[in-house]
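Remarks on the overall topology
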Amino acid sequence: MTDIVYTKRNERIKLFFSQCKELKDALNHIRDNWRPILNNDTFLTDAEVAERLRVTRRTLHEYRDQGIIPYYAIGGKYIYSERDVNKVLMDNYRSIDTL
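Quick summary incoming for the structure in this document. (Residues numbered from 1 in each chain as written. Predicted model: local features only at pLDDT ≥ 70, side-chain atom pairs only at ≥ 80, totals over all residues. Heavy atoms only, no water.)

Here we come to the packing of helix α2 (residues 46-53) against helix α3 (residues 57-65). As a packed pair, α2 and α3 sit with axes 9 Å apart at the nearest point and diverge in direction by 100°. By the angle class used here, α2 and α3 are roughly perpendicular. Packed against α2, whose contacting residues are Asp-46, Ala-47, Val-49, Ala-50 and Leu-53, the element α3 presents Arg-57, Leu-60, Tyr-63 and Arg-64 at the interface. Residues belonging to the contact of α2 with α3 are distributed by class as follows: six nonpolar, no polar and three charged. (Axes fitted to C-alpha atoms, helices over the stretch in contact; angles between N-to-C directions. Helix = DSSP H or I, 4+ residues; strand = E, 2+ residues; numbered from the N terminus. Parallel < 35°, antiparallel > 145°, perpendicular 65-115°, else oblique. Contact = heavy atoms within 4.5 Å. Nonpolar A, V, L, I, M, F, W, Y, C, P; charged D, E, K, R; others polar.)

Given below as structure tokens:
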């Protein structure tokens, strides 16, 4: 029986560590982007909604004040139903035909 010594230059070892890094990156992505679901809906922070709508947080505040976008206020923190945000977007969609 031949004893095999694997070093970091070995292709199998390189592949193993490469796959470990890919798995780690995938798990980190899931951790960073996971949102709890309540009643089959996910909730977003004001920063996340502002980023999705590509507006400032101040503009988002104005949307709240004007009743343009529904929200929940809990202890001074605002959260938004992802379903409601998508509905606002679809309700305000204007196709080229309607312009």
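Right, let's get into the pairing of strand β2 (residues 41-45). Judged by how many residues are buried, β2 sits mostly within the fold: four of five residues are covered. Strand direction decides the pairing type here: strand β1 (residues 37-38) and β2, joined by two bridges, are antiparallel. Bridge pairing links Ile-37 to Thr-42 in β2. What sits between β1 and β2 in their antiparallel hairpin is a turn of two residues, with Asn-39 showing a positive phi close to 50°. Across three bridges, β2 lies against strand β4 (residues 77-81) in antiparallel orientation. Across the sheet, Phe-43 pairs through a bridge with Ser-81, a residue of β4. (Buried < 20%, exposed > 50% of the residue type's maximum accessible area, 1.4 Å probe, protein only. Pairing = 2+ DSSP bridges.)

This part takes up the environment of Asp-84. Inspection of the secondary structure puts Asp-84 in helix α4 (residues 82-91). Separated by 15 residues in the primary sequence, Asp-84 and Ile-69 have C-alpha atoms spaced 7.6 Å apart.

Enumeration according to the criterion identifies four aromatic pairs in this entry. Here Phe-16 and Phe-17 contribute two aromatic rings whose centre-to-centre distance is 5.2 Å and whose plane-to-plane angle is 75°, an arrangement assigned as edge-to-face. Owing to a relative accessible area of 53%, Phe-17 belongs among the exposed residues under this scheme. On the basis of an interplanar angle of 55° and a centroid distance of 6.4 Å, the ring pair of Tyr-71 and Tyr-80 is categorised as tilted. When its relative accessible area of 36% is taken as the criterion, Tyr-71 is described as partly exposed. Members of the aromatic cluster, joined through ring pairs, are Tyr-71, Tyr-78 and Tyr-80. Here Arg-64 stacks its cationic end above the ring of Tyr-71, 5.8 Å away from the centre of that ring. Its guanidinium or amino end placed over the ring of Tyr-78, Arg-64 lies 3.7 Å from that ring's centre, counting from NZ or CZ. (Phe/Tyr/Trp six-rings, centres within 6.5 Å; stacked < 30°, edge-to-face > 60°. Lys NZ or Arg CZ within 6 Å of the ring centre and 35° of its normal.)

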